[in-house]
Structures are given as C-alpha cells and as structure tokens.
Amino acid sequence: MPVPVPVLLLLCLVLLCVPLVGCGSGSGSVAPSGSASGSASADPVERDVRRAVADWSAAPPAALAAIPLEDWTYEVSAVRVDGVRAFARAELRYRLTGYDAAPAGSAREVELTRGGGSWAVTTDRPAPGALPQLWDQGPVSVERGAHALVLGGSGQSSGALSEIAAEADRAVPAASAAWPRPWAGRVVVLVPGSLDAMAALLGRPAEEYRGLGAVTTGRTGAGPAPADRVVVNPEGYGQLTAEGRQVILTHETTHVATRAATTSRTPLWLSEGFADWAAYRDSGRTPAEVAPSLARAVRRGDLPAELPAAGAFAFGGDADALARAYEGSWLACRFIARRWGEAALLSLYESSGRDSLPAALADTLGTDSSGLTRAWREDLAREFR
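Caption draft 1: Layout of the packing of helix 10 (residues 342-354) against helix 11 (residues 357-364). Where helix 10 meets helix 11, the axes come as close as 9 Å, and the angle between the chain directions of the two elements is 150°. Our classification of the angle between helix 10 and helix 11 gives roughly antiparallel. With respect to the hand of their crossing, helix 10 and helix 11 are arranged in right-handed fashion. On the side of helix 10, the interface is formed by Ala344, Ser347, Leu348, Ser351 and Ser352, while helix 11 contributes Leu357, Ala360, Leu361 and Thr364. Partitioned by chemical class, the residues of the contact of helix 10 with helix 11 number five nonpolar, four polar and no charged.

Listed below in structure tokens is the structure:
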C-alpha cells in the first residue's frame, strides 16, 4: 500500500560520524606491512603470506568489475599462521571514481591455505566486529545517472535501480537549489537486497530501520572524505508513493550537500528540519498536509514548549512523537525562511556548525533561543488554529 506524503517524515534519518559502507573492485595492491611505508617481515612464512595476499589482491573477483573503483589497496597489519592455514588482518582502502574525495576503508580478514609449498587466498571477509561491504552480501549491480551512482545488492532488478537513479538525478538539483553552496553535486545510493541486509551494512538491528525509507551515512565537517552513502531500505522505500520517494531522496541528498557545514554543534532540529525544508520547498504542500501529527496536537491545545531536542529524534519509541519532532523542525526552518529570508536560514545553518546556537542566532537572526521559540510557537498556533 502506498504511504501518503505526510507519513514520510518518519521515513528518513541521518547517521553522523559512522563508518561508511560501500563496495568496490579493481586492480590494486597490498602494503607490505602494517605501517604506511611498510617494512619487510623477518619471518619468512609471514613474508610469504603477505606476498600471497599482495598477488591475490592484484586480481579481485571479476564479479566486482562493474563498480567504478580506483586506489584499491589491502594494507596488511598482522598475520597469524596456524599450520597450513593463515589469517591476515588487513585494511581495504578504495575510492569510488568520481565520488570519493578520500579513500573509504573496510577492516578485512583474509584467510589462506598452504598447499604444494605456496599460500593461496581462500576467503576474504569482514574482520571480526567490522561492518560488511555491499558486495559481501552477493552480486552488486550498477546503474549510473547524470548525478548519481546507484549500487544494488543481491536480488535488486535493473529496472528498480534505474528508477532510483532517475529519482536521485532529480534530488541533486533540488538539494542544490535549497543549498546554493559548493558541494560535489552528486550522490552515491546503496540499495541492499532486503531490510536485514541494510541493517547488517549499518551494524544495527533491523527493527530500528523498519518503516524508514532511507538513511545517510557520512562524516561531518569540512575536509576530504569518502562520499556519503544514502542507504535505501528496499521494504520501506517500496511502500512510498512516487512523490514520497522523491521527498525521501531529496531529504537525504540535502544531508549529503550540507555535510561539510554540519558538525556536532549543529542542532538536530536544524539539520533535519532543513533537509525537510529542501525536500518540500517546491512541493506546494501545506503545513496541514505535511505535518498532520503536529497539527492535531496543536488543535487539541498541545502546543510544543520548545524546539525538538536531540532525544526527540530517537527511533523505537512513540512514532507520533517522532513525527511531531520532524514536523516541528520542518516548520521551524520554514518559518525562519519566511520571516528572515532563505539566505538567513542558510547562514544560521553554517554558523551553528561553527559557533554555539545562541551566538549563531544572534549573528544571523538577531534573536535568541527564547525569542525564536516564542515566535515559532506563535506561528504554529496561527497555522493550525
């Protein structure tokens, strides 16, 4: 059953400062030791194991060849030999060509066996406790758009991936229009084969993502970094209307666009509200249509006392309260843009990532938290009277 647009505010989440998930293939090499510069091992058996991993990594599986990769490197940090078996701990580093400004990383465990006097790699898997790559879950399909690279997990059809690539191609210009600041102007979208596969990529229980359309992983702050990955929940995403899918991808793409300006200082109500503001900016939807949970609360006299706190965005609790947090955040950003102007909203976003919120509010809006909250509450009362 298609999910109506007002419910969409429940269906997105941004994960800040978490390990990136991705996929890769291509030619590469293994650094000869755990150090960046490398040093030859004094143990001849260990040296042979390292050489075997180096030779193997120069020809990764042909099944990964469609993924655009560069700088593919296995850096071995430790080797353990157990009779005719050996285990090499390594860090896989790679870039998605045209997307990653810095290498993405993945901790790996490579297993080898010895036969006929030589070592051969038999298994390459995530190191204990490390997150898997999409290709660990099966074959990966690739679809390219003008502004998007879509990587599909096992079982994803080319038709479904092509649709997502087209939706991402529309999301990128929409995010750029809302955020006219320098950013890469492109997005990487991962589409795992199932909800459970998505949860495995992110290292969290599947129940935390049930009903969500997509999440974004990435590193906050400026500086070279792997591109953010928008990770689609194929179950939740498939329940959305066409309009809803576009809203979700624009929301998540806006998180990608604003990443360099987003830090631990940025209030969640501002980062989530801004992403929804960008997604609904040209939709023509009214506050009552986009924010039905908050509208009902205000009309029964339950006007929120404060802007949503960080804890209000936690999943797994009261779904209606979570909806009100997203809706209230969107309406706060919408109100700021209407009263102070869109340029002021952008300046507030940038300033809040550098300075305290009180300083950012004073510098960009000429008000304080109490003044903004009071004006926002008055606006809610007018909208939903």
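Caption draft 2: Molecular detail of the side chain of Thr254. Secondary-structure assignment places Thr254 in helix 5 (residues 242-257). Among all residues touching Thr254, those that are not within four sequence positions of it are Ala175, Phe274, Ala275 and Ala278.

Caption draft 3: Quick peek at helix 3 (residues 195-202). Counting buried positions along helix 3 yields six of eight residues, so the element is predominantly enclosed. Within helix 3, the full set of buried residues consists of Leu195, Ala197, Met198, Ala199, Leu201 and Leu202. Where helix 3 terminates, the next one or two residues include Gly203, which has phi positive at roughly 70°.

Caption draft 4: Local environment of unusual backbone geometry. Backbone geometry at Asp71 places phi at a positive 55°, although glycine is not the residue there. With respect to the secondary-structure elements, Asp71 resides in strand 3 (residues 69-82).

Caption draft 5: Structural detail: the layout of surface pockets. By volume, the largest pocket is sized at about 460 Å³. Considering the residues around the largest pocket, the lining is formed by 28 residues, among which Ala184, Ala225, Val256, Arg259 and Ala260 are closest to the centre. Mapped by element, the contributors of at least two residues to the lining of the largest pocket are strand 9 (187-191) and helix 5. In terms of residue class, the lining of the largest pocket is built from 17 nonpolar, four polar and seven charged.

Caption draft 6: The arrangement of the environment of Gly213 in detail. Within the secondary structure, Gly213 sits in the loop between helix 3 and strand 10 (214-218). A C-alpha to C-alpha distance of 8.5 Å links Gly213 and Gln239, two positions 26 residues apart in sequence.

Caption draft 7: Inspection of the packing of helix 8 (residues 292-299) against helix 9 (residues 319-339) at higher detail. Between helix 8 and helix 9, whose axes approach to 7 Å, the crossing angle comes to 95°. Here helix 9 runs roughly perpendicular to helix 8, going by the angle between their axes. Packed against helix 8, whose contacting residues are Pro292, Ser293, Leu294, Arg296 and Ala297, the element helix 9 presents Asp320, Ala323, Arg324, Glu327, Gly328 and Leu331 at the interface. Here the residues of the contact of helix 8 with helix 9 are counted per class, giving five nonpolar, two polar and four charged.

Caption draft 8: Quick look at the packing of aromatic side chains. Under the counting rule described, the total for this entry stands at eleven aromatic pairs. A ring pair is formed by Phe335 and Trp340, whose centres lie 5.8 Å apart and whose planes are at 80°; its orientation type is edge-to-face. One aromatic cluster in this structure is built from Trp56, Trp72, Tyr74, Tyr94 and Trp135. Over the ring of Tyr99 we find Arg186, and its NZ or CZ is 5.7 Å from the ring centre.

Caption draft 9: Examining the pairing of strand 8 (residues 148-152) more closely. In terms of residue burial, strand 8 counts as a mostly covered element, since five of its five residues are buried. In strand 8, alternate side chains face the same way, and those of Ala148, Val150 and Gly152 on one face and Leu149 and Leu151 on the other are all buried. Count of turn residues in the strand 7 (residues 141-144)/strand 8 antiparallel hairpin: three residues. Pairing analysis gives five bridges linking strand 8 to strand 9, with the strands arranged parallel. Bridging from a neighbouring strand, Leu149 pairs with Val188 of strand 9. A crossover connection joins strand 8 to the parallel strand 9 through helix 2 (residues 158-178); in handedness this β-α-β unit is left-handed.

Caption draft 10: Representation of the nonpolar core. Among the nonpolar cores identified, the biggest contains 63 residues, and Val189, Trp269 and Trp277 are the most heavily contacted of them. Considering each element in turn, this core owes the most residues, ten residues, to helix 9. Sequence-distant contacts of Trp277, that is, excluding residues within four places in its chain, are made with Ala178, Trp330, Cys333, Arg334, Ala337, Glu342, Leu345 and Leu346. Ranked by size, the runner-up nonpolar core spans 39 residues in total, among them Leu64, Ala86, Leu112 and Leu134.

What counts, and where the lines are drawn
Residues numbered from 1 in each chain as written. Predicted model: local features only at pLDDT ≥ 70, side-chain atom pairs only at ≥ 80, totals over all residues. Heavy atoms only, no water. Axes fitted to C-alpha atoms, helices over the stretch in contact; angles between N-to-C directions. Helix = DSSP H or I, 4+ residues; strand = E, 2+ residues; numbered from the N terminus. Parallel < 35°, antiparallel > 145°, perpendicular 65-115°, else oblique. Left-handed = near helix turned anticlockwise from the far one by under 90°. Contact = heavy atoms within 4.5 Å. Nonpolar A, V, L, I, M, F, W, Y, C, P; charged D, E, K, R; others polar. Buried < 20%, exposed > 50% of the residue type's maximum accessible area, 1.4 Å probe, protein only. 1 Å grid on protein atoms, 1.4 Å probe; cavity = no way out; pocket = protein on both sides within 12 Å on 5 of 7 lines; lining within 4 Å. Points joined across faces, edges and corners; volume = space filled by probe spheres on them. Phe/Tyr/Trp six-rings, centres within 6.5 Å; stacked < 30°, edge-to-face > 60°. Lys NZ or Arg CZ within 6 Å of the ring centre and 35° of its normal. Pairing = 2+ DSSP bridges. Right-handed = clockwise from strand over helix to strand, strands pointing away. Core = buried A, V, L, I, M, F, W, Y, C linked by side-chain atoms within 4.5 Å.

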